[in-house]
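Structure assessment
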Amino acid sequence: EDPGLISSESGKWKSVPDIQLAFLTTQLQRIKQENYQGAVLLAVHHPPFTYSPPLTQGGSGGVHSGSPAMLAEIDTICQAQGVYPHAFLSGHSHNYQRYTRTVKLGAKPFDVPFIVCGDGGHTVTPLVQAKNGQPGQEPANGANVGYLDAKPVIANGGIPLLLEHFDGSNYGYLRVTVTSKQLVIGFHNTETASVPQSRVDAVTVDLASHTMR
């Protein structure tokens, strides 16, 4: 259930094969060999990051936790191949969370949105669990949550992980639009009556520069 994994993790999970590590390696190699210029998305079920308050604030995060060991294996392969996805998509946690993570491959920093969207049907849950009958204190949009990525495999250039936007109250879905130059990922809130105005959050990634706006 938690945390997520994509391998046996050196024999820790004996029933899980390591074929996904080999698959990821070969796909990244193919991207380099073919000089692929399109959008690269990496999707997993379990999210690398889910919000929880700093230990100094007490309390606990949501129902589901992040999967740092899984992310470390993915980052190790990406670093070895010199390729990193333009965006990272996941579900599992029953809410919406969008993080900005900076990774540095060689001398080039990449801005990478890490998006959790698991509020499409199961009961939506807040980012922070209630305590003693009182709602948890949820963060502000744009919060510095670098403590969730305290030991990154890939250097971040001193730029911390940011929780840009979240929704722990409403059902929603993602709409992904790709052109030859950019990737747009928008979160749509199904509680909004007017469909054209249902998009409540979006991020745009320039494919050539790996920068976000």
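Residues numbered from 1 in each chain as written. Predicted model: local features only at pLDDT ≥ 70, side-chain atom pairs only at ≥ 80, totals over all residues. Heavy atoms only, no water.

A word on the environment of Val 124
Mapped onto the secondary structure, Val 124 falls in the loop between strand S4 (108-117) and strand S5 (143-144). Judged by its relative accessible area of 15%, Val 124 falls in the buried class. Sequence separation between Val 124 and His 94 is 30 residues; the distance between their C-alpha atoms is 5.1 Å. Setting aside anything within four residues of it in sequence, one finds Val 124 in contact with His 94, Asp 119, Gly 168, Ser 169, Asn 170 and Tyr 171. (Helix = DSSP H or I, 4+ residues; strand = E, 2+ residues; numbered from the N terminus. Buried < 20%, exposed > 50% of the residue type's maximum accessible area, 1.4 Å probe, protein only. Contact = heavy atoms within 4.5 Å.)

Focus: the pattern of salt bridges
Counted according to the given criterion, the structure contains four salt bridges. Two residues, Glu 34 and Arg 30, come together in a salt bridge whose shortest N-O distance is 2.9 Å. For Arg 30, a relative accessible area of 45% translates into the label partly exposed. Ionic pairing is found between Arg 101 and Asp 75, a salt bridge with its closest N-O pair at 2.9 Å. Remark: Asp 75 occurs in helix H2 (residues 68-81) and Arg 101 occurs in strand S3 (residues 96-105); sequence separation between them is 26 residues. You can call Arg 101 buried: its relative accessible area is 2%. Overall, Asp 75 belongs to the buried group, its relative accessible area being 1%. Three or more residues are tied together by salt bridges with common partners; here these are Asp 75, Arg 101 and Asp 149. (Salt bridge = Lys/Arg side-chain N within 4 Å of Asp/Glu carboxyl O.)

Some thoughts on the sheet that holds strand S2 (residues 87-90)
Reading across the sheet, the six strands line up as S1-S2-S4-S3-S6-S5 and stay open at both edges, with mixed pairing between neighbours. This sheet does not close on itself; its edge strands, each paired only once, are strand S1 (41-43) and S5. Where S3 meets strand S6 (residues 162-167), five bridges bridge the pair, whose relative direction is antiparallel. Of the residues in S6, the one forming a bridge with Arg 98 is His 165. (Pairing = 2+ DSSP bridges.)

Regarding the pairing of strand S8 (residues 182-189)
Most of S8 is tucked away: seven of the eight residues are buried. With seven bridges connecting them, strand S7 (residues 172-178) and S8 associate as antiparallel partners. What sits directly across from Gly 172, in S8, is Asn 189. Following S7, the chain reverses through three residues before pairing antiparallel with S8. By the bridge criterion, seven bridges tie S8 to strand S9 (residues 199-206) in an arrangement that is antiparallel. Counterpart to Leu 183 in the pairing with S9 is Val 205.

Concerning the sheet that holds S9
Strand order in the open sheet formed by four strands is S7-S8-S9-S10, with antiparallel pairing between adjacent strands. This sheet does not close on itself; its edge strands, each paired only once, are S7 and strand S10 (211-212).

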